[in-house]
Amino acid sequence: MKIELLNFKNTDFNLNASYFVQSKEDSKGLVLVLPGAGYSFMGPCLYYPTNFLFDLGYNILNIEYDFRWKTYTGTSKEDYASLMKFIDQEVENIKQDKELIILAKSIGTRFLATSKLQAYKYIWLTPALKDDFVKNAIQVKNRNSLVIIGDKDPFYDEETLSLIQNKLIISGADHGLDIEKDINKSLDGMKNIIQNIGQFLKH
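Residues numbered from 1 in each chain as written. Predicted model: local features only at pLDDT ≥ 70, side-chain atom pairs only at ≥ 80, totals over all residues. Heavy atoms only, no water.

### Things to note about a nonpolar patch on the surface
Cut-off, in case you're wondering: Nonpolar side chains (Val, Leu, Ile, Met, Phe, Trp, Tyr) within 5 Å and like charges within 9 Å form the patches, drawn only from residues with over 30% relative accessible area and no salt bridge. With residues, only the protein chains shown are counted as cover, and all accessible areas are computed by Shrake-Rupley using a 1.4 Å probe. Any carboxyl oxygen of Asp or Glu that lies within 4 Å of a side-chain nitrogen of Lys or Arg is treated as forming a salt bridge with it. Only DSSP runs of H or I with at least four residues qualify as helices, and only runs of E with at least two residues qualify as strands; both kinds are numbered from the N terminus onward. Only protein chains enter the area calculation, which uses a 1.4 Å probe; residues under 20% of their type maximum are buried, those over 50% are exposed, and those in between are partly exposed.
On the surface, Met1, Ile3 and Leu5 cluster together to form a nonpolar patch covering roughly 360 Å² of accessible area. Mapped onto the elements of the fold, Met1 is located in the segment before strand S1 (2–9). With relative accessibility at 58%, the residue Met1 sits in the exposed group.

### What about the sheet that holds strand S8 (residues 167–170)?
The cut-off we apply is this: For two strands to pair, DSSP has to find at least two bridges joining them. For helices, the fitted axis covers only the stretch in contact; all axes are lines through C-alpha atoms, and the angles between them, taken along N-to-C directions, range from 0 to 180 degrees. Should any heavy atoms of two residues lie within 4.5 Å, those residues are counted as being in contact.
With mixed pairing, eight strands are arranged side by side in an open sheet as S1-S2-S4-S3-S5-S6-S7-S8. Edge strands, defined here as strands with exactly one partner in the open sheet, are S1 and S8. Each adjacent strand pair in this sheet contributes to an overall mean axis angle of 15°, direction not counted. The strands touched by helix H2 (residues 77–95) are S1, strand S2 (14–21), strand S3 (29–34), strand S4 (58–63) and strand S5 (99–105); relative to S3, the strand with the most contacts, the crossing angle is about 160°.

### With respect to the pairing of strand S7 (residues 145–150)
Selection criterion: When the strands point away from the viewer and the path from the first strand over the helix to the second turns clockwise, the crossover is right-handed.
For S7, a buried count of six out of six residues is recorded, marking the element as mostly surrounded by other parts of the structure. Alternating positions in S7 separate into two faces, Ser145, Val147 and Ile149 on one and Leu146, Ile148 and Gly150 on the other, with burial throughout. Across four bridges, strand S6 (residues 121–125) lies against S7 in parallel orientation. Each bridged residue has a counterpart across the sheet, and for Trp124 the counterpart in S7 is Val147. Handedness of the S6-helix H4 (residues 132–140)-S7 crossover: right-handed. Where S7 and S8 come together, four bridges link them in parallel fashion. Bridged to Gly150 within S8 is Ile170.

### Structural notes on the pattern of salt bridges
What the rule picks out here adds up to five salt bridges. With its nearest N and O atoms 2.5 Å apart, the salt bridge here joins Arg110 to Asp131. Here Arg110 is found in helix H3 (residues 108–114), whereas its partner Asp131 is found in the loop between S6 and H4, with 21 residues between them in sequence. The buried category is assigned to Arg110, whose relative accessible area is 18%.

### Some details on the pairing of S6
Where burial is concerned, most of S6 is hidden: five out of the five residues are buried. By the bridge criterion, five bridges tie S5 to S6 in an arrangement that is parallel. Counted as the bridge partner of Ala104 is Trp124 from S6. In terms of handedness, the path from S5 via H3 over to S6 forms a crossover that is right-handed.

### Regarding helix H6 (residues 183–202)
Selection rule: By this rule the span expected of a helix is its residue count minus one, scaled by 1.5 Å.
Compared with an ideal rise of 1.5 Å per residue, which puts 20 residues at 28 Å, H6 spans 29 Å between its outermost C-alpha atoms and is within 8% of the ideal. Of all the residues in H6, the buried ones are Ser186, Gly189, Met190, Ile193, Ile194, Ile197, Gly198, Phe200 and Leu201. Packed against the buried residues of H6 are helix H1 (44–55), S5, S6, S7 and S8.

### Comments concerning the environment of Phe133
Summarising the element assignment, Phe133 is placed in helix H4. In this structure, the C-alpha to C-alpha distance between Phe133 and Thr114, residues 19 residues apart in sequence, is 8.1 Å. When sequence neighbours within four positions are dropped, the list of residues in contact with Phe133 reads Lys77, Tyr80, Arg110, Ala113 and Thr114.

This is the structure:
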């Protein structure tokens, strides 16, 4: 494995990214990771799925917008779309017409909802289901989307989830997909997430 530290910059945005590249010359494709606010790709919800996808042969491009340092402060759909347009352009330069998977967590699902990238699969971890533009984007991409959320997540929306074709609802899990005071069930939930992603990619 080779790790490249990338910087994407224009007059409006300055983003860092970690690019994990297969040691072999050819890869199966690219996974774009859009993390949560203050939740990096080292968090278990992203760390284990991205490692799983890397083992399947995908390169991993992890975007590192850092809300704690006010790299990005916009909160409207238009703000998300503006930054995502910039990210889309950089991703197009990297993926080189290979298979693309987009994996987003929490606030990252707001960026995904505004993306114009055409992906093979979309994985929505704890999506912002209270935002209409996120719900609409999932429904448009329904066939190629997998939604993973806990029923104790404040974004949990039973009515919206009933319309989603591919979903995993983890009983007792919160926004971090952890089950409070039960580490063993939390770990079982993570295994279930990996298994569901694997099955989802086969169909």
